[in-house]
Structure formats: C-alpha cells, structure tokens
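Descriptive structure summary
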Amino acid sequence: MDAMPKWAEVTLVPLISLLLAAILSAIVIFAIGENPWEALKLMVDGALGSTYGWGYTLYYATNFIFTGLAVAIAFHARMFNIGGEGQAALGGLGVALVCLYIPWPHWSLALLGASVGAALFGAAWALIPAFLQAKRGSHIVITTIMFNFIAASLLNYLLIGALKPRGSMEPATGKFPEATHLPSFQDMFSTADTALFRGAPANVSFFVAVAACFLVWLFIWRTRLGYELRAFGHSETAAKYAGISPTKIIMVSMLISGALAGMMAINNVQGEAERLVLNAVEGAGFIGIAVALMGRSHPLGVFIAAILFGFLYQGGAELALWTSIPRELIVVIQALVILFTGALDHMVRSPLEKLFLALRRKPQAEA
Amino acid sequence: MDLVTIIQILDSTLRAATPLLLACLAGLFSERAGIFDIGLEGKMLAAAFMGAAMAYVSGNAWIGLLCGIGASLLLSGVHGLASITFRGNQLISGVAINFLAAGLTVVMAQSWFGQGGRTPQLVEGARFEPVTLPFAEALSGVPVLGPIYADLISGHTILVYIAFACVPLTWWVLYRTRFGLRLRAVGENPAAVDTAGISVVGLRFAAVGICGVLCGIAGVYLATALQAGFVKDMSAGRGFIALAALIFAKWRPWYAMIACLLFGFLQAIPLRPDLLEKFVGMRINGQLLEALPYILTVVILAGFVGKAIPPRAGGEPYVKER
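Residues numbered from 1 in each chain as written. Chains lettered and ligands numbered in written order. Predicted model: local features only at pLDDT ≥ 70, side-chain atom pairs only at ≥ 80, totals over all residues.

1. Looking at the overall build of chain A
The criterion, for reference: Numbering of helices and strands runs from the N terminus; a helix is a DSSP stretch of H or I covering at least four residues, while a strand is a stretch of E covering at least two. Here contacts are defined at the residue level, using C-beta atoms placed from the backbone and a cut-off of 7 Å between them.
Looking only at helices and strands, one finds 16 helices and 0 strands in chain A. Taking as baseline every contact in chain A between residues at least 6 positions apart, the subset at least 24 positions apart corresponds to 76%.

Dropping the structure here:
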C-alpha cells in the first residue's frame, strides 16, 4: 500500500514544494529591498489583470506546454531529455524553412505544414542522442547537453549565412509571407467595439498545445506503446522480460519528446516573431524541466504548471518594468521549483508520508 | 609561422585552458566518488560573481578568492544535501544549481551595484596580476627556450600555476593515498566501502567539497584574472566544456589536462582567424570551431575512439540495506 493517498501525492507534494520555493523567493525579494507582497500583487495584476496580460501569460504557457510535455514523456520512459532547448531551436529552423520556401494558400495549411516541419526537425535533433543511448549506452543527458550547444552554433552559422536575406545586417531570416500569419487571440476574440488581447502574442497554437496535452495523455495511458513505455520506465529488466525492446522504447520516447519540443516553434517562431531570430527559444526548453517536474509528468499537471510558469514569466517582466527587481528573479524561482520538486523530492515527501501513516494508524488503533 | 606567433597562441591556450582544467578536476573528484555533477557551470558562475564582488569591496584579490570558493562550496553543499542526504536525482539537482547561480548572481549584482547585473571594473590589487618567474628576464635572450620560458611559461597569474599544479596533486591524491583509494572505491562499489566500515556519506561529501573548492578557484579566475569583473553568464558554457573534457579524458587526471589544453586551444585559435586561414589554406568557420569540443565529445561518447566508461556507481544514490 502506498504511504500517501493518491490525491495527496498529486496535489500536496507539488504545492508544498511550490510554497517552499515561494518563501525562498520572497526572502530574496525582501533581501534586495523590495516588498514581496507588493511584488506578488504587481505580478498578479500584470499577468492576469487584463486580457493583455493573459495574452502574454498564455503565449508563454504555450511554449512551456510543448517543452514540458517533451520532458514529461521522456520521464515516463526514465529518460532525462535536457536537450529541449536545442530541439526547439531546430524546430524553429523547420518552421522557418516551411514558411519561407513553400507558398501556402491559407494559414491553416501553413500551420499544419509548419507543425510537421517543426516536429520533424525537433525529432531529428533527438535522433542521434537517442540512438547513442539505445545502441552504445552513451548517457542521454550528456549527449543532449552537447547537442544544445551544437544546435546553437548551427543556428548561429545559418542565421549569419545562408538564411539571412541579402543586404540585411541582423542575424535573422526574412519575414514570413503574410499567408502564414497565425490568427492571434486579438484576431479571434475581439469584437467590433471591444478589442481584447490587444497586441498580445497569444495565438491559435495555444489550442494546438492543448490538443497535444490530450494526445499525449491518450498515448501514454490508452495505447499499447504507451503502456510499454511506462513499463520500461518502471523497470527496465521487467520490461525486457516481458518482451519489450529497450531500443524501440528509447527511440520512440526520445523522438516524440524531440518532436514536441520542436513543435514549440509554431508558437514562438510562426505565431509571434514571424521570422527566425537568434536565440529564439530563450530558455523555454529548460523551463520544460521545471514544468514537467511540477506537473508530475501528467499532461494535465503539465498544463497547469505551464500556465503557472507563464504567469511567472509575464509577471516577472512586469516586475522588471516597474521595480528594481531584475527579470532574472524568475530564473531563481524556476531553479527553486526544480530543486524542490525534483532533487529535494524526498525531503518534502518523507515528512508527509510519516504524517499520513500516523493519521492512518490512529483510527485503526481505536477500532 | 614564426616562434612569436606560436608562443602567442599557446599563451592564450593556457589562459583558456585554466578554468576548464580546474572545473574538469573538480568534476573528476565528484564523479570518481559517484556523484554526477552537471552543476559545475553554476558553481563557477557563483564563484565568479562572489569573487569579483568581494575583491571589489575589499580591494584584495585573495579575499575575493576566499569568498568565491565560499559561494561555490555553498552550492556544493546544496548538491550534496540533495543528492547524498536526501538521495535525490543528481542530474536534476545539477540543473537546479545552474539556474540558481544564473539567476541569483544577476539579481544580487543588480541589487548591490546597480550596474545592470555586473560588478564594477576591478582595479589593480583587486585582480590577480601576472607573476614573473625568476630569471625570466635574464633567460629571455637564450634562443628558442628563452622566449618559451619568459613569454609562455612565465607571466601568468598565480591561479594558472595553481591549476596546473593541481594535476599531479590530483593524480597523487587519487592513486597514492588511502583517501584516494576509498574515493575511487565509493564511486565503483559503495556497498563494499560501507562494509569495510568507512562512511560513504562522509567520503562523498568530501569529494563534493573538493569539487566546490576547485570550481570556486575556476570561477574566481574568470572574474579576477582573465577578465576584470563579473558580467552576466560569464562562465559561457565552460562548465559543460569541462564536463566534455572529463569524458574525453575518461575520468583520469593527466588526460584531463591534455583534453583541457586541446579544448583551450580550440577556444584560442578563433581569436586569430588570420593565422588559421593562412595555416589551413582556407577559411574555417568560427561556429564550427565553437561546436568542435561538443562534437568531439559526442564522437567519444559514441565509442568510436575507445569507450568512455563512467564510474560504475555514478548517479546512483547509496541506500544502505535495512
């Protein structure tokens, strides 16, 4: 029997971890001479107080849903894909090539094409690390880190070389054609007399992200392959004994993971920038780790955690705008969340387990 | 190519290799004891900031060095707490430490100095100055060997010499002392060490501590010797290159030095594109050189150039049977 009831496992552990991270962040804010309560109010107001704020929060959340799902699905097969950053960068390259060189008649087809391009390029970038892990036993963490750096150099090379339009000084591709423009929330939800989400970058790819959550859930818990993947994650030896091929599972989980990370590019490259710029991912690949840990690798959890991080991101930008608190505070919060939900999991969990065991023992003693 | 340019390039190779070497040896101690550490980068960054900040405030580079090592040790303590005491995932802990350092250094730098996440420029005294070795002046007239001694070997900061002295020292500690034997054993088979009545936890904390000290020196070197002050993200992936060098060297100290010199050389040549072009006869792409250490590591990891086998108990928390 588990030491803790299921609901406590999925809600209490992440919430207490989050609370610990929040307390430490508040101490940091206090230490640099700002009021943590005022800072929180400013963040809530800036990120959730208007449709404009929501537009940014959901835009960031869309990125984090994709990268969070990518890390989560790898976690289920006990793979740690730290290469989301590089895979998302390559996904951006895929989107840029698809949007620039194929004349699309309508944005919906362009979105479909760009999604395929992004997923293919992202998966391709996960292919070599996955293959090396499966066949040669090279540690996936190290190879994916190395591939992040190689991706950065590759994009750097392409954006100051082949992809840069003639005569431009900026390391970026040209603007994508008008037909590939994805409808933003402003286009979709504004009526004639009230403009909602004005100027915010949230766009239709948010719904693609939500669909991806559902599909990942379907895949992990409702398909045979998903079952094999989880079985492999729980016990490699047992899975092997049951006739599950480790090579297949490692390859499948990492390729899907890479594809999901790459898909992020339909939001930030096609949806927002509408061209490929240098360092377009901006660390979203790494935030995926925090999101997956916080969301307990469940698509619903990832969705909620991604919204939370979207809020932190937008709120952090507001803080940097109105106070002396720099934007990097968000990186600190992100680090604390990773630390408490990932590395110090036992520290949070074991007192809770003891508490629940003690609670359970009491009624039995009375009976 | 004449002797002067060769010496110039090798000189910048030494400078670039020093932080890599220190971080690489730091990782070597930790990983040989069975604690994976991908937080080398973060520890260097924290040490660079604290070293520069305290050197600026006190005007003394040595105080900066001590405080930098202190900051790095603090993060080592977090890593030890997470991965040894609470038996958490060492990789995730390392990722968290990297972000913690990347965020906190900028937040603190902004709060203390208000210069957009940097420390002020360090002036003389707050930096480590080049040391001229004895007889360097007198011997510089000797053909070939004179300039090599005077310009290449002499004239670095004390931290460079410390770094290279750490190589034989590490070898000696690991292979010629009782502590080193136990340290290597705890990375291969902690249960055996435990059976022999030696504390696994104690040994691993010692290794993580040594790792913290070496990362601290590496970070302080960046901010007070290589450059004059801390800037945001100044470690610039060096912690990961050091990790790559460690795998390249297959967790052995002398090979680590060779790997770091190689990767240092790769960092040094893009500074002289003209020479490179003349030497190879064609233009070599800067981004390719930038990516080369990482590509080489992947090739090594793929096992095409001999297999890199990490310490056997690496990454696994030790659970005593109850």
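2. Observations regarding the overall build of chain B
Cut-off, in case you're wondering: We take the radius of gyration over the C-alpha atoms and set the globule estimate at 2.2 Å times the residue count to the 0.38 power.
Looking only at helices and strands, one finds 14 helices and 2 strands in chain B. For chain B, whose C-alpha radius of gyration is 20 Å, the value lies close to the compact-globule estimate of 20 Å for 322 residues. Principal-axis analysis of the C-alpha atoms places the extent of chain B at approximately 70 × 50 × 40 Å. Within chain B, counting contacts between residues at least 6 apart in sequence, those at least 24 apart form 77% of the total.

3. So, unusual backbone geometry
The criterion, for reference: The burial label depends on the number of other C-beta atoms within 10 Å of a residue's C-beta. Counts of 20 or more mean buried, 12 or fewer mean exposed, and intermediate counts mean partly exposed, with C-beta atoms placed from the backbone.
Despite not being glycine, Glu274(A) shows a phi value in the positive range, around 60 degrees. Here Glu274(A) is to be found in the loop between α12 (265–273) and α13 (284–294). At Arg87(B), a residue that is not glycine, the phi angle is positive and equals roughly 50 degrees. By secondary structure assignment, the location of Arg87(B) is in the loop between α3 (61–85) and α4 (90–113). The class of Arg87(B) is partly exposed, set by 16 C-beta atoms lying within 10 Å.

4. Details of the packing of helix α4 (residues 84–101) of chain A against helix α5 (residues 107–136) of chain A
All names here are of chain A. Note the cut-off: Fitting a line to C-alpha atoms yields each axis, with helices limited to the stretch in contact; the angle taken between N-to-C directions then spans 0 to 180 degrees. When describing relative orientation, an angle under 35 degrees is termed roughly parallel and one over 145 degrees roughly antiparallel, while 65 to 115 degrees is termed roughly perpendicular and anything else oblique. Definitions for this section: a left-handed crossing has its near helix turned counterclockwise from the far helix by less than a right angle. A right-handed crossing has that turn clockwise. Three categories are distinguished: nonpolar for Ala, Val, Leu, Ile, Met, Phe, Trp, Tyr, Cys and Pro, charged for Asp, Glu, Lys and Arg, and polar for the others, with Gly belonging to the last.
Relative to each other, α4 and α5 sit at 140 degrees, their axes nearing to 7 Å. Our classification of the angle between α4 and α5 gives oblique. Taken as a pair, α4 and α5 cross one another with a handedness that is right-handed. Residues Gly86, Gln87, Ala88, Leu90, Gly91, Leu93, Gly94, Val95, Leu97, Val98 and Cys99 of α4 form the contact with α5, whose participating residues are Ala110, Gly113, Ala114, Gly117, Ala118, Leu120, Phe121, Gly122, Ala124, Trp125 and Ala126. For the contact of α4 with α5, the class distribution of residues is 15 nonpolar, 7 polar and no charged.

5. Focus: helix α11 (residues 238–248) of chain B
The buried fraction of α11(B) amounts to 11 of the 11 residues, a majority that puts the element mostly inside the structure. Looking at α11(B), one finds that the buried residues are Arg238(B), Gly239(B), Phe240(B), Ile241(B), Ala242(B), Leu243(B), Ala244(B), Ala245(B), Leu246(B), Ile247(B) and Phe248(B).

6. Focus on the environment of Leu133(B)
Along the chain, the position of Leu133(B) falls in the loop between β1 (130–131) and α5 (136–139). Residues in contact with Leu133(B), not counting those within four places in the same chain, are Ile153(B) and Ser154(B).

7. Concerning the confidence of the model for chain A
Condition: pLDDT is defined as a per-residue confidence score from the predictor, taking values between 0 and 100.
Per-residue pLDDT for chain A has a mean of 90; in total, 98% of the residues score no lower than 70. When mean pLDDT is compared element by element in chain A, helix α8 (residues 205–222) of chain A scores highest at 96, while helix α16 (residues 345–366) of chain A scores lowest at 81.

8. A word on the interface of chain B and chain A
Between chain B and chain A, the residue contacts involve 38 residues of the former and 34 residues of the latter. Elements with a contribution of two residues or more to the side of chain B that touches chain A: α3, α4, α11 and α14 (286–301) of chain B. By residue number, the principal contributor to the side of chain B that touches chain A is α4(B), which donates 14 residues. Class assignment for the residues of the side of chain B that touches chain A results in 23 nonpolar, 13 polar and 2 charged.

9. Describing helix α3 (residues 51–76) of chain A
Residues and elements named next belong to chain A. Note the cut-off: Expected span, for any helix, means 1.5 Å times one less than how many residues it has.
With 26 residues, α3 ought to run about 38 Å at 1.5 Å a step, and its terminal C-alpha atoms sit 35 Å apart, in line with that. Counting buried positions along α3 yields 24 of 26 residues, so the element is predominantly enclosed. Positioned one or two residues after α3, Arg78 has a phi angle of 50 degrees, which is positive.

10. Topic: the environment of Ala46(B)
All names here are of chain B. Turning to its location among the elements, Ala46 is positioned in helix α2 (residues 40–58). Assessed through the 32 C-beta atoms surrounding it within 10 Å, Ala46 is described here as buried. Between the C-alpha atoms of Ala46 and Val220, which are 174 residues apart in sequence, the distance is 9.0 Å. If we skip the residues at most four places from it in the chain, Ala46 touches Ala71, Ser72, Leu75, Ala101, Thr105 and Gly219.

11. Some words on the packing of α13(A) against helix α14 (residues 299–322) of chain A
All names here are of chain A. It is the contact of α13 with α14, at a shortest axis distance of 8 Å, that shows an interaxial angle of 130 degrees. One element, α13, and the other, α14, form an angle in the oblique class. Pair α13 / α14 crosses with right-handed handedness. Taking contact as the criterion, the partners of Ile287, Ala290, Val291, Ala292 and Met294 in α13 are, on α14, Val302, Ala305, Ala306 and Phe309.

12. A short note on the confidence of the model for chain B
Close inspection of predicted coordinates is inappropriate in any region flagged by low pLDDT. On average, chain B scores 88 in pLDDT, and the residues at 70 or more come to 96%. For this predicted complex, the interface confidence score (ipTM) comes to 0.89, while the overall pTM stands at 0.90.

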